[in-house]
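Fold and contact review
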Amino acid sequence: MANSRRKKKFYAVRSGAQPGIYLRWDGPGGAAAQVQGYPGARYRSFASRELAEAWLRGEEVVADRRAVVTPPADADVLLYTDGGCLNNPGPGGFGAVIIRDGARQEISGGFRKTTNNRMELLACIRALEALAVGEKADLYSDSSYVVNGMSRGWLKSWRARKWCKASGDPVENADLWDRLAKLAGERSVRFHWIKGHAQHAENERCDRLARQGASEGCGIDVNYERGTTAWVPAVEAGWQSG
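My aim in this report is to walk through the structure given alongside it, one point at a time. Bear in mind that the values here come from a model prediction, so they are computed numbers and not experimental data.

Let us now look at the overall build of the protein chain. When helices and strands are tallied, the protein chain shows 8 helices and 12 strands. Counting every position in the protein chain, which comprises 242 residues, the buried fraction comes to 44%. Entry remark: accessible area of the protein chain is about 13200 Å², with carbon and sulfur atoms responsible for 48%.

Within the largest apolar cluster, 34 residues are counted, with the highest numbers of intra-cluster contacts made by Leu79, Leu128, Trp177, Leu180 and Phe191. A per-element tally of this core places helix H3 (residues 116-129) first, with 8 residues. Setting aside its immediate chain neighbours within four residues, Trp177 contacts Leu121, Tyr145, Val146, Gly149, Met150, Leu155, Trp158, Trp163, Val171 and Glu172. Counting 7 residues, the second largest nonpolar core, distinct from the first, contains Leu78, Val97, Cys206 and Leu209.

A few words on the sheet that holds strand S2 (residues 20-22). The strands that make up a sheet are held in pairs by hydrogen bonds between backbone atoms, and each pair lies either parallel or antiparallel. Across the sheet, which stays open at both edges, the 3 strands sit in the order S2-S1-S3 with antiparallel pairing between neighbours. Each edge of the open sheet carries a strand with a single partner, namely S2 and strand S3 (42-46). Averaged over neighbouring strand pairs, the angle between their axes works out to 25° when direction is ignored. Inspection of the sheet shows strand S1 (residues 10-15) paired to S2 by 3 bridges, in the antiparallel sense. What sits directly across from Ala12, in S2, is Ile21. Contacts between helix H2 (residues 49-56) and the sheet are confined to S1, S2 and S3, with S1 contributing the most and set at about 5° to the helix.

About the cut-offs
Residues numbered from 1 in each chain as written. Predicted model: local features only at pLDDT ≥ 70, side-chain atom pairs only at ≥ 80, totals over all residues. Heavy atoms only, no water. Helix = DSSP H or I, 4+ residues; strand = E, 2+ residues; numbered from the N terminus. Buried < 20%, exposed > 50% of the residue type's maximum accessible area, 1.4 Å probe, protein only. Areas by Shrake-Rupley, 256 points an atom, 1.4 Å probe, with all protein chains shown as cover. Core = buried A, V, L, I, M, F, W, Y, C linked by side-chain atoms within 4.5 Å. Contact = heavy atoms within 4.5 Å. Pairing = 2+ DSSP bridges. Axes fitted to C-alpha atoms, helices over the stretch in contact; angles between N-to-C directions.

Right, dumping it as structure tokens:
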């Protein structure tokens, strides 16, 4: 007689009537009762309790393995960045965490009026400015705007067209894109996207730093307030600290 024994599953409920890990789907005390009819319910099944617990903590889990963010063996530095505004546009801030040889460095700042995208870019700029020329780094950002621009060839195309899009319209934030491109070109940097607000410790820390900067900062994003962000100044002089 063939063995019809089913593999054991662990049902993780992240958002539901009673979040937690369940050993059965149907019946009393099962996961279905926690999510059916619950607005915005989030749940998944896993082959092991370890993976289910990792997902509940907000870690990314792909198929049957954890997508743990660790620096590749050939990277000198691990960078995390984030930026945003209290309103968009509005008071904005950025935050960055730099990890090198087990030591941590945190960078943050804020401005009285700017945009989300400019703060995401500035967070990367400030992080890379803290590295020596030639250093290797892996940079993790939750901004698809930044990561796609740096890793999908958008930046190369914009520069080739003298900071114009394929439509002929000027590229927004060209002043910062140009600065970021130069810094990255002097270093060996790989850009990676990570999901924001997913309880990743370093990403959450950067978010707090950015919010603090937006709340307390009174610096001036000169190029933004002058309306000169679509062209690249000969000398970067676009910031005044508060």
